[in-house]
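# Residue-level structure breakdown
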Amino acid sequence: MNVMKKILLILFVCSLYSVKLSAFNADSSFAKGNEFYQKKDYAKAAASYKSALDAGYAGASLYYNLGNAYFRDGKIGYAILFYEKAAKLSPNDKDIEHNLKIANLRTIDKVAPMPPFILFRLWDKTILLFSVAGWTTLSFALYLIILISAGVYFTSHVSSYQRVSFLTGIITLLLFAGSVFFLWQRVEYQQNRSKGIIVVQTSVAKLAPDVQSKDSFVIHEGIKVVIEDKVNDWLRIRLQDGKIGWIAVNNLAVI
Amino acid sequence: MKVFSNLVLRKIYTTLFLILFVSCCSFAQSFTASSSGSKVGLSEQFQVTFTFSGEEINGMKSFKAPNFKDFMPLSGPNQSTNMTIINGAVSASRSFTYILQPRQLGKFTIGSATVDYKGKTFQSNPIHIEVVKGGAQQSQQGGGAKGKNPKSDNVSQKEIGENLFIRASADRQQVLKGEQINVTYKLYTRLNIASLQVSKLPSYPGFWAEENEIIQNINFTNETVNGKQYKVATLKKVALFPTETGQLSVTPFELKIPVYVQKKSRSNNPFDDFFNDPFSNRPEVVDYTAISNTIKVNVQGLPQSNASSSFTGAVGDFSMKVEVDKKSVKTNEPIKLKIKISGTGNIKLITLPEFDIPAGFEKYDPKTSDDLTHGAKIGGSKTAEYLLIPRFAGKKEIPPVKFTFYNTAKRQYQTITSEGFTIDVAQGEGGSGSSGGEVQMLNDDIQYIKTNAGDIKENGSFAFESFWFWLLCIIPLAGFIWLLIFRKREDKLSSNMQLLRYQKAQKMAKKRLKTAGKYLASKNEEKFYAELSNALFGYLENKLGIAKAEFTLENALEELKNRNVPDELVEALMTTARKCEFIRFAPSNGDENPMQSMYDESVRIIIDIEKSLA
């Protein structure tokens, strides 16, 4: 028992320390950015948030605030990019959703998206029900329930206890499998880098990955595209209305 | 001399020949032109005849008519040939007749026509024609044949004009721009007339004209003008709305009216009655062109001083109705806004009022329709139906619509203001602002930044990627495994003790039986039975793994049966055990045999059970 207590204490201290260590730099950059934003110095606010990003930190609130700073600074393409990034981490945040909508209204092109198939939408909604942390917590809780019911099942000699724990164990096991699957899907979704935002004011899409190729169409800042392929410095993109073209890599930022 | 005589002779011949020839020409061949009258009315037809006379009419060829540039040929040339034989002398004539109509007023000359006759060209004389206005008083010329010409009637145009005329009248001469004027065209007649034929409709430059009523049938009424009784019919009633200022005029209305006139008898000629055919008294039809007077109207501009900005030229008396079909909608659902202006006045010239739309609405070009009512006062309604599409949710105000017109009755400008509308727009399905084009600046703005940095962590690291997470997962698992192992060992331990007891059972029984044997030898009955039952029950306890506290004979017997021990053996055990217990608590007096037999029986039973359980 004494050993157990010691281990727990060490774990607790370690975890505290690790949180402290990782939040230290990012937190101050974030706070500084917020200060600049408050003073309406949006370019400096953006730079401050950006420094936290460059230091290797991420978070929905960081992306969201950076998006706001870019929006106020008139860089609609980057604003949309970071709102999209924030939405990816925190899909059910109303503020992010709202600001993304407002920013999308400021884009020059209006590409009508094709309505997704209802089952796909339902699937996406299920996946986005919880964040990665949410799915992880759920899976962990279910895992604990499985262990407890298995423990009861194997140690108890009272048959009614055994029956209940067996049933609980089986159901929880199924739920656990589902939860882990959705966690995996959620991680896949978050790590999906097949979508991008046009960040230059005007981008000319070509018919082939070649400067001499004929122009296919022209798109403007802030448009969301699907990245389908990459050849050298060219990306094959597909617009939401199905148009396909090749644009230079630097015209686009991946969400 | 001979030369002289030759010359003289030739001269004589030539002279003779010339005399002969000329007489022949003047006598036998002539080419003349004549017309039915030297004075003709502008609207009258007349005849021009070219006549060639000669002995041999067939020798005449290639007739060329003059150019009738000032006249319109209606028919011709109509050829006719005459032959006359007087005293054996044959004379023939061929005439070419044209019927012409003048083009304009003035004096004109019809040039010469030419013919070739026997290699010679003959020219006719030119004719002078004077074209006069209206029907010219024809000079009484020619014989009976000419008198039959309907044109040569003896009723003057002036006379007809006094008895048949069209009068145009306007109800006012001084109007404001856009005010209604009523013009009436009336036909006055004292003559018999046939069906009317419109030759020229009036034109209304600078007006918007609308017929008050369309007159289908002409009904005559009696009216006295200047002491004369006329039959009067209304031909046309027109409402005019001036679109310009200044002196405007309406061109006359022209009608061609066939008039029945009674032919006057020629009292100066006593033979006329005699020669006139009996039908000459029937009425003759004369075409008469009646022309109305020209109306002049003085149009003044509307007062400038207090004309409002919403005035778009409406003059009259109007009312306005503005409606929306629904006041609460979802985004992207259309609303219909209807502006209807109705009343009397220059309804067709009105421009419908514009209105402002709230931000976030799209306005489409309206569907307009006119509805005109005829009558003494021209009126009707003009409707515009706008389609409005709200793109964003919220409460939106459509401001009141203003319409200004000049009220002719009150002689002042009047402004009507409609009520405003509040439209409740709810968020509908689908994204807002999906329409293309310029996006309006919205009142909606982005939300403020977040101040809680709790979710910021190192990029790309998920909770399950950390060492601590997996440690947290392993701890309960380790606990679970430890629990399982602990439990297993305990189980194993308890099962080992039973085995030990099982193995020891026979030994213990032997030990106790040996002690019992000692008591049998010393004849200690009480201790013998105690030891014997101890041996028996102890053996069962150990062998069957039943705890001492839980042990009863019934339990043991049940357990034995379960372990497939033969029934008679169980029966024997029961009997012996009962007997043993019985004697132990109720001792008999000194009988040796039962002790010995009980001992033998117990040993046998234990051996048998041992055998059957093995």
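Cut-offs and rules
- The written sequence of each chain sets the order in which its residues are numbered from 1.
- Whichever chain is written first becomes A and whichever ligand is written first becomes 1, with later ones labelled in order.
- Per-residue local features of the predicted model are confined to residues with pLDDT of at least 70, and side-chain atom pairs are confined, for both listing and counting, to 80 or more; whole-chain, interface and lining totals are unaffected and use all residues.
- The helix and strand labels rest on DSSP assignments: H or I over at least four residues marks a helix, E over at least two residues marks a strand, and numbering proceeds from the N terminus.
- We call a residue exposed when 12 or fewer other C-beta atoms sit within 10 Å of its C-beta, buried when the count reaches 20 or more, and partly exposed for counts in between; the C-beta positions come from the backbone.
- Contacts are defined on C-beta atoms placed from the backbone: any two residues whose C-beta positions lie within 7 Å are in contact.
- Take the residue count of a helix, subtract one, and multiply by 1.5 Å to get its expected span.
- In this classification, the charged set is Asp, Glu, Lys and Arg, the nonpolar set is Ala, Val, Leu, Ile, Met, Phe, Trp, Tyr, Cys and Pro, and all remaining amino acids, among them Gly, are polar.
- Two strands pair if DSSP finds at least two bridges between them.
- What we call a nonpolar core is a set of buried Ala, Val, Leu, Ile, Met, Phe, Trp, Tyr and Cys residues whose membership is set by joining through C-beta atoms within 7 Å.
- The start and end points of each domain follow an automatic or database-based domain assignment.
- Axes here refer to lines fitted to C-alpha atoms; in helices the fit is confined to the stretch in contact. Angles between the N-to-C directions go from 0 to 180 degrees.
- Roughly parallel means an angle under 35 degrees; roughly antiparallel means over 145; roughly perpendicular covers 65 to 115; every other angle is labelled oblique.
- pLDDT is a residue-level measure of predictor confidence that goes from 0 to 100.

Across its full length, chain A holds eight helices and eight strands. Across the 255 residues of chain A, 31% fall into the buried class.

Another aspect to go through is the overall build of chain B. Helix and strand content of chain B: nine helices and 33 strands. Relative to its 614 residues, chain B shows a buried fraction of 22%. Restricting the contact set of chain B to residue pairs at least 6 apart, pairs at least 24 apart contribute 74%.

Residue and element names in this part refer to chain B. Here lysine 186 is to be found in strand β13 (residues 181–189). Separated by 49 residues in the primary sequence, lysine 186 and leucine 235 have C-alpha atoms spaced 5.4 Å apart. In contact with lysine 186, other than residues within four places in its own chain, are Ile166, Arg167, Val232, Ala233, Thr234 and Leu235.

Now for helix α6 (residues 525–544) of chain B. The α-helix winds at 3.6 residues per turn, so residues separated by three or four positions along the chain end up facing the same way. Residues and elements named next belong to chain B. Helix length check: α6 (20 residues) gives 28 Å between terminal C-alpha atoms against 28 Å at 1.5 Å per residue, within 8%. With 14 of its 20 residues buried, α6 lies for the most part within the structure. Residue glycine 545 follows α6 closely and has a positive phi angle near 70°.

Turning our attention to the interface of chain A and chain B. Every contact between the two is made by 39 residues of chain A and, on the other side, 31 residues of chain B. Looking at the side of chain A that touches chain B, the elements with two or more residues in it are α1 (2–38), β1 (57–58), α3 (60–72), α5 (94–105) and α7 (132–155) of chain A. In terms of residue class, the side of chain A that touches chain B is made up of 22 nonpolar, 13 polar and four charged. Note that β1 of chain A and strand β33 (residues 457–458) of chain B share two bridges and pair antiparallel. In the strand pairing of β33 of chain B, alanine 58 of chain A is matched with lysine 457 of chain B.

Turning our eyes to something else, we now look at the pairing of strand β9 (residues 120–123) of chain B. Bridging between strand β8 (residues 114–117) of chain B and β9 of chain B involves four bridges; their strand directions are antiparallel. Within the sheet, the bridge partner assigned to valine 115 of chain B lies in β9 of chain B and is phenylalanine 122 of chain B.

Turning our eyes to something else, we now look at unusual backbone geometry. With a phi angle near 50°, asparagine 232 of chain A is a residue other than glycine that sits in the positive phi range. Among the structural elements, asparagine 232 of chain A can be located in the loop between β5 (224–231) and β6 (234–238). Owing to 9 C-beta atoms within 10 Å, asparagine 232 of chain A belongs among the exposed residues under this scheme. One non-glycine residue, asparagine 332 of chain B, adopts positive backbone phi at about 70°.

Below, the discussion takes up the pairing of strand β6 (residues 89–102) of chain B. Residue and element names in this part refer to chain B. With nine bridges joining them, strand β3 (residues 46–54) and β6 adopt antiparallel strand pairing. What sits directly across from phenylalanine 52, in β6, is arginine 94. Where strand β5 (residues 71–86) and β6 come together, 13 bridges link them in antiparallel fashion. Within β6, the residue paired with isoleucine 86 across the bridge is alanine 89.

Before going further, it helps to examine the nonpolar core. With 46 residues, the main nonpolar core has Ala79, Phe82, Tyr83 and Ala86 of chain A as its most contacted residues. Elements represented by at least two residues in this core include exactly α1, α2 (42–54), α3, α4 (76–89), α5, β2 (195–198), β6 and β7 (244–248) of chain A. Sort the elements by how many residues they give to this core and α4 of chain A lands first, with 10 residues. Counting only domains with at least three residues in this core, you end up with domain 1 (2–105) and domain 3 (195–254) of chain A. Dropping the residues within four chain positions of it, phenylalanine 82 of chain A is found in contact with Tyr63, Leu66, Gly67 and Tyr70 of chain A. Counting 24 residues, the second largest nonpolar core, distinct from the first, contains Ala535, Leu536, Leu544 and Met595 of chain B.

What follows is about the sheet that holds strand β4 (residues 60–64) of chain B. All names here are of chain B. The three strands lie next to each other as β4-β8-β9, forming an open sheet whose pairing is antiparallel. Each end of this open sheet is capped by a strand with a single partner; those strands are β4 and β9. Neighbouring strand axes in the sheet, compared pairwise and without regard to direction, differ in orientation by 25° on average.

Looking now at the sheet that holds strand β1 (residues 30–35) of chain B. Residue and element names in this part refer to chain B. Strand order across the open sheet formed by four strands is β1-β3-β6-β5, with antiparallel pairing between neighbours. Whereas interior strands pair on both sides, the edge strands pair on one side only; in this sheet they are β1 and β5. Taken over all neighbouring pairs, the strand axes of this sheet differ in orientation by 15° on average, direction set aside.

With that out of the way, let us pick up the packing of helix α5 (residues 467–521) of chain B against α6 of chain B. All names here are of chain B. In the contact formed by α5 and α6, the axes pass within 8 Å of each other and the chain directions differ by 175°. Of the possible angle classes, the one that applies to α5 and α6 is roughly antiparallel. On α6, the residues that touch Arg501, Tyr502, Lys504, Ala505, Met508, Ala509, Arg512, Leu513, Thr515, Ala516, Tyr519 and Leu520 of α5 are Lys527, Phe528, Glu531, Leu532, Asn534, Ala535, Gly538, Tyr539, Asn542 and Lys543. Within the contact of α5 with α6, the residues separate by chemical class into 12 nonpolar, four polar and six charged.

Residues and elements named next belong to chain B. Confidence along chain B averages 77 in pLDDT terms, with 83% of residues attaining 70 or more. Contacts for the low-pLDDT stretch residues 136–154, under 50 throughout, to residues beyond four places or in other chains number 22 contacts. Confidence over residues 431–442 falls short of pLDDT 50; this stretch has 20 contacts with residues more than four positions distant or in other chains. Model confidence for the complex: the whole-complex pTM is 0.40, and ipTM, which rates the interface, is 0.71.

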